[in-house]
Amino acid sequence: MRILVLGGDGFCGWPTALHLSEAGHDVVIADNFSRRRIDEELGVQSLTPISPLDVRIDAWREVTGREIGFVELDIAQDYDGLLATLEDYRPDAVVHFAEQRAAPYSMKSSKHKRYTVDNNVNATHNLLAAVVESGVEAHIVHLGTMGVYGYGTAGVQIPEGYLTVGMRGSDGELIEQEILYPANPGSVYHMTKTLDQLLFAYYVKNDKLRVTDLHQGIVWGTQTTDTAKDIRLINRFDYDGDYGTVLNRFLMESAVGHPLTVHGTGGQTRAFIHIQNTVQCIRMAIETPPEKGGRVRIFNQMTETHRVRDLAKLVSSVTGAEIAFVDNPRNEAPENELLVANDGLLNLGLSPLTLEQNLLDEVIEIAHKYVDRCDLERIPSRSLWLQQREHAETA
Ligand code: NAD
Ligand code: USQ
């Protein structure tokens with residue numbers, strides 16, 4: 001297949017591009033390098049030494065003999081460029097990773113909130129409008145988030161996107177209807193993913209586009225079998241308080257001798273998936289597109305759920321790291337249960353890689369190897385969810 005990977009220079013996008021190329025697909029990456037610029041803005045760098053994209057692509061050709069194409073493109077700002085790319089390349093599938101993905105970054109200030117909404121909503125809408133205008137029959141595979149659901153209600157299993165509700169008709173009879181699971185985002189970033197859902201639903205209904213929305217949990221790990229083939233292919237490892245995600249942060253913190261930063265009581269339960277499973281899920285979704293004329297196909301892309309304090313205890317038991325319960329900078333439920341259906345991808349053949357010692361060791365090893373690149377100052381998460389309101393209340 002011909003596959004356009006939007007955001008293919010990022011943490012999930014780069015290993016996905018390699019995995020699709022390795023599977024024999026023709027791959028072109030589009031990226032505007034905003035993520036690399038945000039590193040500069042935040043004064044931080046990936047723990048792993050990532051190469052420039054042209055070096056990555058040359059290395060892939062050298063190691064495997066396979067070509068990956070590239071176009072520098074801002075899909076949120078350059079609609080004409082996106083349209084021209086679709087018209088020239090005529091992909092069978094477009095994978096859409098090209099959004100600002102960090103919740104803490106999205107909450108830093110009104111400037112960051114506005115950037116996240118402008119970038120993410122425009123990116124998704126431009127893609128939908130351009131697919132329609134180009135007439136390209138491409139299946140869109142979007143990376144959404146488990147966070148659209150609001151992380152669950154005790155005892156209730158979160159379904160894959162849709163909920164059947166019963167409503168009373170005019171003569172009192174119960175009428176069943178399937179609706180999108182009610183959106184309940186926990187940050188401006190997560191909110192953009194709930195807005196994306198409506199955009200997809202509308203274009204699938206009106207223009208009969210084929211869309212798969214993968215509601216992904218927190219991705220952990222760093223390398224895949226492809227990125228491990230050469231140092232120039234190494235994947236990024238975000239550890240800082242804005243972009244670092246919880247399990248990778250705990251593993252990195254243990255390696256640099258920093259206490260594990262549990263927010264609040266650590267009673268938050270979240271869904272997780274290893275990066276190697278991420279790339280497989282995306283390939284499986286692409287290779288089995290939904291029928292035209294149906295609804296948005298939604299899969300919960302996660303393999304297991306864990307409570308944050310249990311993860312900290314596990315990492316501490318493996319590494320001996322101290323655990324620090326710090327004030328939670330976020331406005332989120334201190335404790336929650338999370339039960340999630342993930343049959344869609346299991347039925348397509350996903351074989352879950354769960355949190356096993358060897359996979360944890362691999363991340364700890366990488367963190368040890370690059371410990372000198374870590375700036376300890378950048379570890380604490382300083383983006384406050386209620387900063388503005390607190391200021392207004394005390395003013
Ligand atoms: P990332 O920030 O590492 O990668 C995103 C890439 O998209 C970057 O290379 C960035 O430069 C590019 N990009 C952003 N806006 C763009 C634009 N307007 N035009 C062109 N390129 C643009 O993020 P990631 O961790 O790889 O996440 C990829 C997607 O997966 C995101 O949409 C995210 O919401 C979703 N996701 C990620 C995780 C996770 O744990 N990392 C979990 C669930 C869902
Ligand atoms: N947390 C800690 N200590 C830390 C970092 C985080 O206790 O040092 C807590 C947070 O308060 C939160 C939980 O861990 O309760 C998860 O935080 P996270 O930063 O690992 O994940 P999140 O902000 O939800 O975002 C990440 C990705 C995002 C993706 C989402 C999937 O950055 O792109 O959409 O995971 S999900 O969480 O399933 O919605």
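Because the structure is a prediction, the values reported are computed rather than measured.

Chemist: Looking at this structure, how should I read the overall build of the chain?
Modeler: Helix and strand content of the chain: 13 helices and 16 strands. For the chain, the spread of C-alpha atoms along the three principal axes comes to 65 × 55 × 45 Å. A burial count over the chain gives 55% of its 395 residues as buried. Contacts in the chain between residues at least 24 apart in sequence constitute 82% of all its contacts with a sequence separation of at least 6. Only carbon and sulfur atoms are counted for the fraction: they give 50% of the accessible area of the chain, which is about 16400 Å². Taking the average place of the 36 positive charges on the side chains of the chain and the average place of its 55 negative ones, the gap between the two points comes to 1 Å.

Chemist: I keep staring at the site of ligand 2 and nothing clicks. Help me out?
Modeler: In the vicinity of ligand 2 lie 23 residues, with T145, Y189, V246, T261 and E332 positioned nearest. A distance of 3.0 Å separates an oxygen atom of ligand 2 from a polar side-chain atom of Y151. H263 places a polar side-chain atom, nitrogen or oxygen, 2.8 Å from an oxygen atom of ligand 2. Relative to its free-state accessible area of 740 Å², ligand 2 is covered by the protein chains to the extent of 96%. Looking at the shell around ligand 2 element by element, the count peaks at three residues for strand β11 (residues 260–263). The class makeup of the residues in the shell around ligand 2 is eight nonpolar, ten polar and five charged.

Chemist: Teacher, can you tell me more about the packing of aromatic side chains here?
Modeler: Given two aromatic rings, one states the distance between the centres and the angle between the planes to describe the pair. This model, assessed by the stated rule, comprises five aromatic pairs. Centroid distance F33 to F70: 5.5 Å. Interplanar angle 40°. Geometry classified as tilted. Linking F33 in the loop between β2 (26–31) and α2 (34–42) with F70 in strand β3 (residues 68–72), this pair joins segments that are 37 residues apart in sequence. Residue classification places F70 among the partly exposed positions, given a relative accessible area of 35%. Taken together, a centroid distance of 5.7 Å and an interplanar angle of 45° make the contact between Y105 and Y243 tilted. Residue Y105 is found in helix α5 (residues 103–106), and its partner Y243 is found in the loop between β10 (218–220) and α8 (246–256); the two are separated by 138 residues along the sequence. Here Y105 and Y243 have matching classes, each one buried.

Chemist: Would you explain the pairing of strand β13 (residues 297–301) in this entry?
Modeler: As a general feature of sheets, a regular strand has side chains that alternate between the two faces. Among the five residues of β13, five are classified as buried, and the element is accordingly described as predominantly covered. Residues R297, F299 and Q301 line one face of β13 and the alternating positions I298 and N300 line the opposite face, and both faces are buried.

Chemist: Help me understand the nonpolar core in this model?
Modeler: General note: in soluble globular proteins, nonpolar side chains tend to be found buried as a group. Residues L4, L6, L82, L86 and I140 are the most contacted members of the largest nonpolar core, which totals 41 residues. If you list the elements that add at least two residues to this core, you get β1 (2–6), β2, α4 (79–89), α6 (110–134) and α7 (188–207). Considering every element that reaches this core, the biggest residue donor is α6, with six residues. Not counting residues up to four positions away in its chain, the partners in contact with L4 are V28, A30, T85, L86, Y89, P91, A93, V94 and V95. Judged by nonpolar contacts, the second largest core, of 37 residues, contains Y105, Y239, A255 and L359.

Chemist: Mind showing me how you'd approach helix α10 (residues 308–319) here?
Modeler: Because the α-helix completes a turn every 3.6 residues, residues three or four places apart line up on one side. An ideal rise of 1.5 Å per residue puts 16 Å on twelve residues; α10 measures up with 16 Å between its terminal C-alpha atoms. When we look at burial in α10, the residues that qualify are V308, L311, A312, V315 and S316. The arc that holds every buried residue of α10, seen down its axis, measures 135°, which confines them to one face. In the stretch just after α10, G320 is the one whose phi turns positive, near 80°.

Chemist: I would appreciate a short explanation of the site of ligand 1 in the present structure.
Modeler: Around ligand 1 lies a shell of 28 residues, among which C12, D31, N119, Y189 and K193 are the nearest. With respect to ligand 1, the backbone of R35 contributes an N or O atom lying 3.1 Å from an oxygen atom. At 3.0 Å from a nitrogen atom of ligand 1 is found a side-chain nitrogen or oxygen belonging to D74. Those elements that place two or more of their residues in the shell around ligand 1 are α2, β5 (139–145), α7 and β10. Looking at the shell around ligand 1 residue by residue, the classes come out as twelve nonpolar, eight polar and eight charged.

Procedures and definitions
Residues numbered from 1 in each chain as written. Chains lettered and ligands numbered in written order. Predicted model: local features only at pLDDT ≥ 70, side-chain atom pairs only at ≥ 80, totals over all residues. Heavy atoms only, no water. Helix = DSSP H or I, 4+ residues; strand = E, 2+ residues; numbered from the N terminus. Buried < 20%, exposed > 50% of the residue type's maximum accessible area, 1.4 Å probe, protein only. Contact = heavy atoms within 4.5 Å. Areas by Shrake-Rupley, 256 points an atom, 1.4 Å probe, with all protein chains shown as cover. Lys, Arg positive; Asp, Glu negative; His and termini not counted. Charge placed at Lys NZ, Arg CZ, Asp CG, Glu CD. Near = heavy atom within 4 Å. Polar contact = N/O pair within 3.5 Å; in protein donor to acceptor, adjacent residues only side chain to side chain. Nonpolar A, V, L, I, M, F, W, Y, C, P; charged D, E, K, R; others polar. Phe/Tyr/Trp six-rings, centres within 6.5 Å; stacked < 30°, edge-to-face > 60°. Core = buried A, V, L, I, M, F, W, Y, C linked by side-chain atoms within 4.5 Å. Expected span 1.5 Å × (residues − 1). Arc of directions from axis to C-beta.

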